[in-house]
Structures are given as C-alpha cells and as structure tokens.
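Listed below are the residues making up each chain.
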Amino acid sequence: MYQWRKFEFFEEKYGGKSKIPEDVSGKIECCSSGRGKVVIGSDDGTVSLLDRGLNFNFAFPAHSSSVLFIQQLKQRNFLVTVGEDEQISPQQSAMCLKVFDLDKMQPEGTSSSIPDCIGILRIFTNQFPQAKITSFLVLEEAPPILLIAIGLDNGSIYCIKGDIARERITRFKLQVDSVSDKSHSSITGLGFRVDGHALQLFAVTPNSVSLFSMHNQPPRRQMLDQIGSNVNSVTMSDRSELIIGRPEAVYFYEVDGRGPCWAFEGEKKFLGWFRGYLLCVIADQRSGKDTFNVYDLKNRLIAHSLAVKEVSHILCEWGNIILIMTDKSALCIGEKDMESKLDMLFKKNLYTVAINLVQSQQADAAATAEVLRKYGDHLYSKQDYDEAMAQYINTIGHLEPSYVIQKFLDAQRIYNLTNYLENLHKKGLASKDHTTLLLNCYTKLKDVDKLNVFIKSEDGVGEHMFDVETAIRVCRAANYHEHAMYVAKKAGRHELYLKILLEDLGRYDEALQYISSLEPSQAGVTVKEYGKILIDHRPVETIEILLRLCTEDGESAKQESSSSAYLSMLPSPVDFLNIFMHHPQSLMDFLEKYTDHVKDSPAQVEIHNTLLELYLSNDLNFPSISQVCNDIDLSLRGKSGVPRKSKAQSNGKLVGNSKDTYKEKECKRRREKGLCLLKSAWPSDLEHPLYDVDLAIILCEMNGFKEGLLYLYEKMKLYKEVIACYMQAHDHEGLIACCKRLGDSGKGGDSSLWADLLKYFGELGEDCSKEVKDVLTYIERDDILPPIIVLQTLSRSPCLTLSVIKDYIARKLEQESKLIEEDRRAIEKYQEGTVAMRKEIQDLRTNARIFQLSKCTACTFTLDLPAVHFMCMHSFHQRCLGDNEKECPECAAEYRSVLEMRRSLEQNSKDQDQFFQQVKSSKDGFSVIAEYFGKGIISKTSTGTHRSSSLSSSSDF
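Position numbers for residues count from 1 along each chain, tracking the sequence in the order it is written. Only residues with pLDDT of 70 or above have their local features reported here, since the model is predicted, and side-chain atom pairs are shown and tallied only from 80 upward, although totals for entire chains, interfaces and linings are computed over all residues. The side-chain numbers reported here are obtained from all heavy atoms of the structure, hydrogens and water having been left aside.

Side note on the pairing of strand β3 (residues 28-34)
Across a regular strand the side chains alternate sides, sitting on one face of the sheet and then on the other.
Working step 1: When you tally the buried positions in β3, you get six out of seven residues, the bulk of the element.
Working step 2: With six bridges joining them, β3 and strand β4 (residues 37-42) adopt antiparallel strand pairing. Considered in β4, the bridge of Cys30 is made with Gly41.
Working step 3: Paired strands, in this sense, are two strands between which DSSP finds at least two bridges. The numbering of helices and of strands both runs from the N terminus, where a helix is a DSSP run of H or I of at least 4 residues and a strand a run of E of at least 2. What sits between β3 and β4 in their antiparallel hairpin is a turn of two residues, with Arg35 showing a positive phi close to 55 degrees. Partly exposed residues are those whose accessible area sits between 20% and 50% of the maximum for their type, while under 20% is buried and over 50% is exposed, using a 1.4 Å probe and protein chains only.

What follows is the structure, given as structure tokens:
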C-alpha cells in the first residue's frame, strides 16, 4: 500500500487540537454522537453533552458509578447508557441499562437540570447470568421499539427487544462461541444489517465472524470466517458491510462471507467509517507512534495522514471526524470542499485522479464535465488530440459544443471534429449548424460510407439524431441528391422530397407517381405547394391526380357518392386554384371535368364563379395558340421545306387574321358555355342561383357580354335594366319587342316600361316616328299614361311632328268626352238621390208615420197584437221576432254590410303603406286619392254609433 498517493483532502478544524472542557469530570469511559451533539460518559457516572466546537452544554449524573457504554439515538432524542449503580442486594447485579429522554428536562435545584429517565432495566438476571460486557449496540426499529445487543466476554450476546419505557420487553440470548478461554470467545464487535424486512446481526470475536438471522425464530447462526479482531477494530460501512481490522489487513464481510480485503500493515487500534472513507488508527511498531489515515478505497489513495497521540475514541459529527485522546485532548478534522481538492490535483496535473474523485463522490455532472474539460485542454496543449477529443466527448451535454469545435476546425484535425459531431448527434444535442458542419465534413472528406451510415442507418438510430431540413439542404448543396431524397422520404417530409425531384432533378413523372402513392391528405398538401411546377410541365397528368383527390374514386366511394357528408370530407377544387395562375385553360378543363363528375359539390358556387370568369373573359392565353400559329407558319413553307420568304412576308396579315379569327371563335365558344352555365345553374325551382349574381353581372358588364347580362336582369326581374341595355345599344326593334314581352302587366310584367320607352324616344334627338306610334298603341291600350304626360314627354324631341300623335290625341279627347258625360250623368243621379234621402230624413224628423200593414212581413198572416213596427215600414208579430226586437230582420243584412264596410274603411285609413301602394300601382293615382276622400276615410269622421232606423212598440193598435 506504499504505492498509494497521499493527499491532504482533510484539514484541522477549530484551530487544530483542542481540549475537552474541564466541566467534563472523571476519566472518559465511552463516547457517542448524534443529533448535533457529542455525549461523553465518565467513570464517575456523569454524562456530559458538548455542542458544536466541543463546547460544554450540560452534564447530569446517569449512574452512581462508572458509565461503561453509551449511545445517542438518531430517530428520537433518546440516550441509552449502560453503567454501574448501587447494588441493592447480593442477588442483583449493579449493572443497569437506562434510557433518557433529552427533550424532557426535570429541574433539580437551581443550578442544573437532568433529563427524564424513562426506563431502567437490570441487564443480568437469574436466566441471564452476569458476565463482563465487551460490546454494546442499539438498533431503532419502529418507535417505540428498541433492539439492544449486549456482547459479553463469554461469547454470549444478550438481546433485549421492546418498549423499555413501558417495560414491555422480551429477552433472548445468542451464543457465538463456547470456548472456555474468554480471551478468544469475547464479543469484540457487533453490527446490525437491515435489508428490507430481513434483520441480521454481525458478531465478531478474536477468532471468528458470525452472522445471526434475527428474522428466524430462534435466530440462525452462520459462520462467516474463523478469524476475528480485537475491540475497537470493528465498524460498519454505509452499505451495511462489516469491517474488521487485523495487523495484516482490513477485511470486509457481506452476508455470504468475506469480501475484499486491503493490505494495510500495522496494528489497527481503531476503525471507523466516514462518508465513504475508511478511518484507521494504525500503530507503527518500528517508530512506536500511532498514525491516523483516511483511505479513499474507490480511488486507491490516502486522503489524509496524521501522526496522533494515543486515541481513545473516534466520533463523526457536524460533518467532521473527532478524535478523542486519552489525555482528554481532541482533534477535529473536516473534509475540504471539492473545489479545493480539485485545485490541488490540477496543480500536480493529476487529472485522472481528479476525474475518479468527482465520479466516486457522485459530484454533479457539471463539475465532472469541468474536470474533463480541463483534462482535455491539458492533453490538447500537449498535442495529444485523439485523447483530448475522447475527454471532450465525455463533456457533451454540459460543455458548449462551440468551445470544442473552434479548437478542431483545422483541416488536419477534421477527423477528430467529425468524431465529436457524430457523438453530439447520437446524444440528440446537435443543432442545425452542427448537422451542417458534420455533413460538410463528410463531403469534404468524400467519405460516402460514413455519410451512408449517418443518413441511411438501417436500425433507425439516425432517424431523429439530426435536423432533417438541415441535412437535406446540405446534401442538396453538395449534389448528394439521392441522400437528400432518402432523408426526406424516411422522415415523411414529402414536400422536401418533391422539391428535390422537381427543382433539382426535373423528374416530373416520378414526382407524379410519388404523389399518387401518398395518402389523400398528404397528396393534397404537396400538390398545393408544387402544383404550379407540375402544371407547367405535366398539365394533363396533374389534372388527373387532382380529380382523384377531389372526387370519390373507387367502388366504395361510388356507393357513397350521394352522401353530402362524404363530399364535404374531400378536398375542394377551390383549394387548388392558385396553382393554375398562369394556366387558365388547364384550370377551365379541370373545373369542367370536376363539374361533370360531381353534381352536388359543397363548393359549387365558388366553382361556378371561377368558370364564369374564365368563360366570359375576352383574353384567355391558350397554349394551343402558339401551336396553331406554328401550323399556319408551316403551311406557308414550300414542298422542299424551305420557307418562301416572299409569300411569308406578303401573308403576314393572313397569319395575324388567322390568329384573330381563332381567338374570336374560342371567345364565342366560351361565351356560349358561359350563357349555358348561367341558365343551368339557376333552375326555375331555386330562388337564388348556384353562383354569385353580383359577380356574374360585373363580369358580363366588364367583358361586354350582352346576352348574359340580359338574361340575368330578366331573371332578377330588373326590367328597367334590361331595356337600358337595348337603349345603350340603340336596338329599337329589340327594345320594343322586349317591352312587349316584359311590359304586359297582365302577365306579371312592368307596364311602366312603356313610359320609360316613350321618354327614351322623346329624348333621342332623331326621327323615330314609327317606333313612337308603336309605343303609343300599347300605352293607349293599357291606359298607362295620361295624354298630358305623353305630350310633355314627346314635346322635348325636335324631330317629331304633331302628325305622329294626332290620331292618338283625337282618340283620347273623344274618350275623355265620353267619360265626362258619364260622370255628369252619375253626378246628377247622385244629387237626385241625395235630395230624396234628405227629404225622407226631414219627413221622419217632423211628421208622424202611419203603419198600415195588415199582415206580418215574416209569416204573412194577419197582423194582431202584440205587434212591432219598424221605421223602415216593416211590421212583425212579436212572436215572429223572437229575442231580436231591436232591428228589422229584413233590413238587418243590408245594415250590417254598411257597418262592416264603414269599419273596414276606418281600418284602412290607419294602414298608410296600403294607401301609398295603391297610389303607386294605380294607373291614375289621383283617382285613388279622390276615392279615399269620397268614402270619408281621409276626412274627419264621427266615431259615435248611428242607428239607421228607429222602432216603436205598440200593444193596442
């Protein structure tokens, strides 16, 4: 072990060596630590408690004589002591076990206090005879249960288990060795091992190591070794391993026997364990001095070495190692922080030791990476680039990659840089720039094999260990198109795969096949992105793919073709309109085929709008035009194939005329389709068409499509706009024919069109006598306008003479004269009737009425009493009237009709909308107003109830 390096990883605390406070009386017999304090038992029975820095806290008498063993519990603030008290009787031993609760203090006087003793137990009884106690250990089980093991010099172990405070305990004995020589059978050390629910007890004697399985009843003993150790040379590691020290070595024991051993020479006076370090006080026989060593077994180094006086106890508390000497002096040793230890190693260039140190002490990954970085920098400075890169690779995830990359950017070290970047990708920490750099390294080295491994890894490791877009971009830039396509296809980046095929390789047919193999949703996305290129080079095939996407293809789809829900799930042709931006002819073909295949599309309005825009446009750039021109050009060549220059020059106009003729034919053909679509998409059973009417009107007006515009206006009953079209075109014959068709109010037409037509001719400024006479014929037939309006309208024309309207005026005057005569006779009749009615009313008011009827009006029998006579000169038997005695049955119906008519007129007087509607729709609005005045609706009327007849009753006529 002399090859182990020595370091000073520990340092003395509290100014080096210190003294146990003088308040601690007597000789120190035992020590323990825990819960932030050190507990010392003295030979005078006193127990002293020291705080941090070995400062005296308080002391109390625990036993009347010596305190032999003491242990501070960890889970509860209990103190367990074994000591001698006064012997009550010769039969009872003076050896007692006490349990103190340090949280409960009982005042004793004014100067000191003692903790509450919650349990006292006599160790030796008749069944457990007295012997010398050589070792003592307490295990805390589930509170309040304690398991106490007491080792004796006769090879026996007395065990006490239970709640000592309540005296609910069980005792049992374990026998280790039955040798009569107590020097070889004495229990020198004990150690508990808890593994889940299994509890085991190590027992050490000078010549044996045993293991008791406490979960068995009775506990089963297992011999682990036939060598042992002396007192104080036994300890337990933090992994529940038993450690014993012998002069030749230190041995470790597991449950199955002896484990590793470490050949540390010298007598082991004390053993201890602290945070993974082995503590040894070794007696050097040659020098006669004791040495305290701290061993780091994992890293095979001595973390601290110090010559000490004679040690009596070793404790670990407050993160320090406390050595208590026999002369009551104490030495506190604390471990240095990791940074100090690493600085010490770095100064000596012991980087491997530093790496092992941080790894063994489970330092955080960042600290480990920092050590590895420094080691890598050290190797890099010595130009050991391969080994330096090995260290840098271990720092991936903690060290910034750019730190390493900058060091290895030199072309001579590109292999090391490639190795680093590969590991960076394997750990999934590479950025886009790292992927770019790695692929550039491959291409610069022309290492196609590694590029294949990185790109085309069969096990799928490379699937997500680099940025796909970056890899594709770099491969494309380096002309590794196949690799770029492989990455795109494997990653499911169909748009990138097609971009390479179309933009880099120009393999349009393969691109179309690839799109056909995709799912409909994915195919639709790719066609939207690259459809323009495909339409440029393969329009027919692209349209076929679009039709398959947008229509129900296949047998199962045909069964669902009637389902609108199924159609709504398919892509809409409207989504692909932008790819036909420079190819309107292809767009028209696509939409026509779609509408032929799908009759009830959810997007049929948008589709019809687009088709109308294509059909009605004046200039549509067809690819076939150039071909037609070429054909015409070829036809002008001679039989030998040599162009005839003179004829070509002389026939330049012919070629241009041919182009214009072709355009006109195509435009006419499209407009015929447009008119057909306008009519077919507006069935008679629909109120609104399957296209945007406003858009259709705008398109027709912009492109001068008169037929479509007239159809739309007529369909929308905008008759005035219809005749406005004829007026704008000066088509008089068509204008009159249109008015004949649309101006017949009897067939739902608008008769006011004739008035507009007359006004048009009156303001035309040219001779149109024939047309005016035709118009006047229909105006006179339907009595549309008064003669005065006709005269005022036509008087504005400087080209029309009186002869045009002479016959019309004569007929109207004759007609008006007849009407005036009829009105005069009606007035005279009404006046005579009015005078007669007034006379009758006056007669009723001033003269008596004589009732001379001798028969009942109802039953025609002779009138007898009682009888009822009405002012209307009707008489009835009272029995014939029944309950209705207040009105004449003969005149009641007429009277009620008059009242109902009056009530209706009063109600109509409140409905202003009806009044104005009648005025507007009437040929003569003044007559409507006069009628309202004549019926008394507009004038003020009385709301009282008037009776038209009065009655009288007589019982003695």
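Looking at the side chain of Thr526
Working step 1: Topologically, Thr526 is positioned in helix α14 (residues 520-537).
Working step 2: The exposure class assigned to Thr526 is buried, which follows from its relative accessible area of 2%.
Working step 3: Apart from residues lying up to four places away in sequence, Thr526 is in contact with His494, Glu495, Leu498, Ile515, Leu518 and Gly531. What makes two residues a contact is simply this: any of their non-hydrogen atoms within 4.5 Å.

Quick notes on helix α19 (residues 604-616)
Working step 1: Take the residue count of a helix, subtract one, and multiply by 1.5 Å to get its expected span. Across its 13 residues, α19 extends 18 Å between first and last C-alpha, which sits within 8% of the 18 Å expected from 1.5 Å per residue.
Working step 2: A large share of α19 lies buried, amounting to ten of its 13 residues.
Working step 3: Taken as a whole, α19 has its buried residues at Gln604, Ile607, His608, Asn609, Thr610, Leu611, Leu612, Leu614, Tyr615 and Leu616.

Quick notes on the confidence of the model for the protein chain
Working step 1: You can read pLDDT as the predictor saying how much it trusts each residue, on a scale of 0 to 100. In this model, the protein chain carries a mean pLDDT of 81, and residues with pLDDT of at least 70 account for 87%.
Working step 2: Confidence drops under a pLDDT of 50 for residues 554-562, and excluding neighbours within four residues, the segment shows five contacts in the predicted structure.
Working step 3: Across residues 941-957, confidence stays below pLDDT 50; counting only partners more than four residues off in sequence or on other chains, it has 24 contacts.

Focus on the environment of Asp44
Working step 1: Within the secondary structure layout, Asp44 lies in the loop between β4 and β5 (46-51).
Working step 2: Expressed as a C-alpha distance, the spacing of Asp44 and Ser25, which sit 19 residues apart in the sequence, is 7.6 Å.
Working step 3: Discounting chain neighbours no more than four positions away, the residues touching Asp44 are Ser25, Gly26, His63, Ser64 and Ser65.
Working step 4: Counting of polar contacts relies on pairs of N or O atoms within 3.5 Å, with two restrictions inside protein: one atom must be capable of donating a hydrogen and the other of accepting it, and residues adjacent in sequence are counted only when both atoms are side-chain atoms. From its side chain, Asp44 meets the backbone nitrogen of Thr46 in a polar contact 3.1 Å long.

Comments concerning the packing of aromatic side chains
Working step 1: The aromatic pairing rule takes the rings of Phe, Tyr and Trp, using the six-membered ring of Trp, and pairs them if the centres are within 6.5 Å, calling planes under 30 degrees apart stacked, those over 60 edge-to-face and the rest tilted. Overall, the coordinates contain 24 aromatic pairs when judged by the stated rule.
Working step 2: Centroid distance Tyr351 to Tyr375: 5.5 Å. Interplanar angle 15 degrees. Geometry classified as stacked. On the criterion of sequence distance, the pair formed by Tyr351 in helix α3 (residues 351-360) and Tyr375 in helix α4 (residues 365-381) is long-range, its members being 24 residues apart.
Working step 3: One aromatic cluster is present, built from ring pairs that chain together Tyr380, Tyr385, Tyr392, Tyr403 and Phe408.
Working step 4: We call a charge positioned above a ring when the Lys NZ or Arg CZ atom is no farther than 6 Å from the ring centre and deviates by at most 35 degrees from the ring normal. In this arrangement the basic side chain of Lys341 is found over the ring face of Phe9, its NZ or CZ atom lying 5.6 Å from the centre.

Some thoughts on helix α27 (residues 752-762)
Three or four residues apart is the spacing at which side chains of an α-helix point the same way, because the helix has 3.6 residues per turn.
Working step 1: Listed in full, the buried residues belonging to α27 are Leu753, Trp754, Leu757, Leu758, Tyr760, Phe761 and Gly762.
Working step 2: Residues of α27 that are buried sit in contact with α25 (719-729), α26 (732-742), α28 (769-782) and α29 (787-794).

Focus on the sheet that holds strand β17 (residues 208-213)
Working step 1: With antiparallel pairing, the four strands of this open sheet are ordered in space as β15-β16-β17-β18. Strands at the two margins of the open sheet, each flanked by one partner only, are β15 (189-195) and β18 (220-225). If you compare each strand with its neighbour and ignore which way they point, the axes differ by 25 degrees on average.
Working step 2: With five bridges joining them, β17 and β18 adopt antiparallel strand pairing. Looking at the pairing, Ser213 lines up with Arg220 of β18. Structural elements are reduced to axes, namely lines fitted to C-alpha atoms, with helices fitted over the stretch in contact, and the angle between N-to-C directions of any two is expressed from 0 to 180 degrees.

What about the state of the cysteines?
Working step 1: Note on terminology: disulfide denotes any pair of cysteine sulfur atoms within 2.5 Å. As enumerated under the stated definition, the model contains zero disulfides in all.
Working step 2: Cys31 takes part in no disulfide bond, and the closest cysteine sulfur to it belongs to Cys30, at a distance of 6.7 Å.
Working step 3: Note on Cys739: no disulfide assigned, nearest cysteine sulfur contributed by Cys738 at a separation of 5.7 Å.

With respect to the environment of Tyr760
Working step 1: Mapped onto the elements of the fold, Tyr760 is located in helix α27.
Working step 2: Put simply, Tyr760 and Ala724 are 36 residues apart on the chain and 9.6 Å apart in space, counted from C-alpha to C-alpha.

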